[in-house]
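Per-entry structural report
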Amino acid sequence: MEPSVIDNAAAGLRARRRDLAAVYGLMGLQMRAIDAIDEVAALWRDPGYAGRGAAARDSGAFPIEMVDVSLQGLLPSLTAQKLRALVREESPDLARAPEVIGHVLASNTPLLGWTTTLRALLVGSASLVKLPSSAEAAWLRLLARSLNEVAPEIAGLIDMLSWTGGNARLDRTLACSTDKLVVYGSDTTLEAYASFCDPDKLVGYGHMASLGVVLRGAERGRAARGFARDILMYDQGGCLSPHTIFVEGRFDDACDFCDALGKSLGASDMPLVRDLRTARRAARVREAREMARFEEGARLWEDERLRWTVACIHSGGFRFSPTYGVVYVHPFVRDELELLLGSACGKLQGAGVASGRESDMNEVGKLLAKMGVSYTCCPGAMQSPPLQWRENGKEVLCSLIN
Amino acid sequence: MPDDFQRSVARTARGLVARSRSELHNSLRNRLCVARYNSFVDHCLFESLSAFIDDPGAGDFNSLALQLFSRQVMCNQAYRRYVAASGIQSENVTSWREIPAAPSVAFKAYDLTCSPIESSSRVFHSSGTTEARASKHYMDRAAVELYDRSLTRGFEDAIPGASGQPLWAMMPSPNEAPHSSLSHMLATLGASRWFWDDWSSLAGALAEAREPVTLFGTGFAFVALFDNYPDARWPLPPGSLVVNTGGFKGRTREVAQDEFYAMLRERFTIDDKGCLGEYGMSEMASQFYNQGEVGPYKGPHWTRTRIIDPETGADAAEGTAGLLRHYDLANWNSVLAIQTQDLAIAEGDGFHLLGRAPDAEVRGCSLTVEALWNRP
């Protein structure tokens, strides 16, 4: 691909956005976008919607049964009422909204393209999306198709291209041809874009990981079923996938929970991410298991197909997993939770919390927020954040304003 | 190291050829305290391994591997824990193939040593470019002795043409890099000149070479030399050899293998057979060598290598890629069986390296771009 392709795509989006702004005005464009998103959400809530059929046929690596779990959390947040509430709450200055926002997506979850482009539409901006590969375009293409059904002029504000990451010439062109750049990816990717992008222009979302907490008094079987879903979703590749689950109590309590979690993982009907059986994945899973066997007192629950691994560990606090269905379970006492999370502070994104009492939930929620956790939910809902989620603590709309 | 008493006992023991091994051991066990007995057994095993490295007819790989495995289970606390957690009883292991292989990354997290680390005379580190922690391979005096024997014999067997000719090392000397196993190896092999970050000296020496020389360097050192002298040619005297080890990641620009070998041949006016490759790791005492751009890597007779299908954990089907699992009888003080993350495909009794099983993509928060090679 030549840089001119990117330049031309950005120029086309800019022109269409200017045309629409001239017709509707900036606020009118925003309202039009809200209505269009609301209509799209209604379409996707309909089980008989043709777009869902298309998703079943062509959904890239992520089967619709899996993505549906995320959609169940996302779609209710896309009603006109809730979107207007979000706009009122943040009151973004539309006069300072970028005409064209560039988006760089990672490939680990399918709906990243939805949330980032919908947020852009809510400030009246067009979106030029860089996809990691054409195979990753499936779900964003489905969104564009749905938008095109209800509001072709709004759908025209989204364009997508794909090229392999690390192509500095093309990456730089994207940064230069757009007014704001939202980058999801590795810290290395963020650093690369930061090297040729004005800091005010770059909105970066780098490495983050999530955790689970099972408080004393929680219904453990239910928590285990929920976390099993959170772990298997997207093969644990999302930033909201739990890496370590802390179980209040002693090591034996944690092992009891591991038993339940292992059973739930084994019984889960969650479909596999397609193309899951790769040598790399298998090698990492085996390595994680072998390393757990080295650990004093650690216990393992594992399946033969390498789909999931639960390692109950004594100490060390929050631990980053290689993902691919590998989760660590760690006992804790309430007073020590902050200490146990300390090493990951600043890298924590979300938390699933199972609790029997609301007061316990609130207490732990405050602590997690202090540790940088920006999304707290019950087990099973970790991969289903609403559009209004302040990812990394950033404002949903105002973070896009220049 | 064994004392005089133990040496005496060992000599006596070797003389008692008519008696079975178990009979002998039972007899000795009754006469010696357990510690001395264990030390004696250690000594016998050490001697047997040394003899086997010198002469493949002096022992049996499987038997020695099982004895060394027993020793390592007994003396290496972390490995013993691992073996137990794997559900394996060491006394039930009857083939070297059944010996549990420690993942090479375990050397980063644990002190995989049979002797107290304070008694280590050398510690060799890996030096991945982006790895948070380096592997540490502790070696006591006996381990270093066996290591030196292994690397010397392995080099002599694999590259007989290097015998008697000067060996030049394109890497820091052991004084500058005391934890580099590669520098130690070249020093043990008798490297006469060291070139590191001083490419003008090397360029001058190469230009003046009149006798055959063996030039041993890392891939990135060769590329750095070529990049510093983009138009230079150093025709090496006939019989010269170029031995390349390691990769380029994070050090210099990346160069494809075919391009790299073309550069070696052109810059040094050397044929393909004069270009050799060495594959080793700080966690292992033995090395593998290949000849020419496409020659398979082969290990010495005191090693075995399996190529493991990571999905099944069993041997990869013939002709398919898998992860290298090495069994190295020269790994005295740590573990003899090591599971690497290096991808390879079998060819005959050797293998073709395909690189390291990468994990460079974003996986939540777990990006780990590891060095292609695990050794400086």
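The rules behind these values
- Residues numbered from 1 in each chain as written.
- Chains lettered and ligands numbered in written order.
- Predicted model: local features only at pLDDT ≥ 70, side-chain atom pairs only at ≥ 80, totals over all residues.
- Heavy atoms only, no water.
- Helix = DSSP H or I, 4+ residues; strand = E, 2+ residues; numbered from the N terminus.
- Buried < 20%, exposed > 50% of the residue type's maximum accessible area, 1.4 Å probe, protein only.
- Contact = heavy atoms within 4.5 Å.
- Areas by Shrake-Rupley, 256 points an atom, 1.4 Å probe, with all protein chains shown as cover.
- Buried area = accessible area lost by both parts, 1.4 Å probe.
- Salt bridge = Lys/Arg side-chain N within 4 Å of Asp/Glu carboxyl O.
- Polar contact = N/O pair within 3.5 Å; in protein donor to acceptor, adjacent residues only side chain to side chain.
- Nonpolar A, V, L, I, M, F, W, Y, C, P; charged D, E, K, R; others polar.
- Pairing = 2+ DSSP bridges.
- Axes fitted to C-alpha atoms, helices over the stretch in contact; angles between N-to-C directions.
- Expected span 1.5 Å × (residues − 1).

1. Considerations on the overall build of chain B
- Helix and strand counts for chain B come out as 11 helices and 13 strands.
- When each of the 376 residues of chain B is scored for burial, the buried share is 55%.
- Residue pairs in contact within chain B that sit at least 24 positions apart in sequence constitute 65% of those at least 6 positions apart.
- Accessible surface for chain B amounts to roughly 15700 Å². Of this, 50% is attributable to carbon and sulfur atoms.

2. What to know about the interface of chain B and chain A
- Tallying the contact residues gives 30 residues for chain B and 35 residues for chain A.
- Counting the surface lost from both chain B and chain A, the interface buries some 2800 Å², and carbon and sulfur atoms represent 56% of this.
- Where chain B touches chain A, the interface holds 1 salt bridge.
- A salt bridge links Glu-296 of chain A to Arg-81 of chain B; the shortest N-O distance between them is 3.8 Å.
- Counting every contact that joins chain B to chain A gives 7 residue pairs in polar contact (both at pLDDT 80 or more).
- Among the elements of the structure, helix 5 (77-85), strand 1 (102-103) and helix 6 (106-109) of chain B are those that each provide at least two residues to the side of chain B that touches chain A.
- Residue contributions to the side of chain B that touches chain A peak at 5 residues, all from helix 5 of chain B.
- Classifying every residue of the side of chain B that touches chain A by side-chain character gives 18 nonpolar, 6 polar and 6 charged.

3. Examining the pattern of salt bridges
Residue and element names in this part refer to chain A.
- In total, this model carries 35 salt bridges over all chains according to the counting rule given.
- Glu-89 is paired through a salt bridge with Arg-390; the nearest N and O atoms lie 3.5 Å apart. Within this pair, whereas Glu-89 is found in helix 4 (residues 80-90), its partner Arg-390 is found in the segment after strand 12 (375-377), the two being separated by 301 residues in sequence.
- Given the relative accessible area of 56%, Glu-89 is considered exposed.
- A relative accessible area of 32% places Arg-390 in the partly exposed class.
- When salt bridges with common partners are traced through the structure, they connect Glu-248, Arg-334, Arg-357, Asp-360 and Glu-363 into a single cluster.

4. A closer look at the sheet that holds strand 11 (residues 348-354) of chain A
Residues and elements named next belong to chain A.
- The 7 strands lie next to each other as 8-9-10-7-6-11-12, forming an open sheet whose pairing is mixed. Two strands in the sheet have a free side with no partner beyond their single neighbour: strand 8 (299-302) and strand 12. Looking at each pair of strands side by side, their axes are set apart by 20° on average, direction ignored.
- Where strand 7 (residues 242-248) lies against strand 10 (residues 326-332), 5 bridges are found, and the strand directions are parallel. Looking at the pairing, Phe-246 lines up with His-330 of strand 10.
- Of the strands in this sheet, strand 6 (209-214), strand 7, strand 10 and strand 11 are in contact with helix 10 (residues 220-232), which crosses strand 7 at around 170°.

5. A look at unusual backbone geometry
All names here are of chain A.
- Of note in the backbone geometry, Gln-236 takes a positive phi value of approximately 65° without being a glycine.
- Within the secondary structure layout, Gln-236 lies in the loop between helix 10 and strand 7.
- By relative accessible area, Gln-236 is classed as buried at 0%.

6. Comments concerning helix 12 (residues 279-294) of chain A
- The end-to-end C-alpha distance of helix 12 of chain A is 23 Å, a good match for the 22 Å that 16 residues give at a rise of 1.5 Å each.
- The element helix 12 of chain A is extensively covered by neighbouring structure, given that 12 of its 16 residues are classed as buried.

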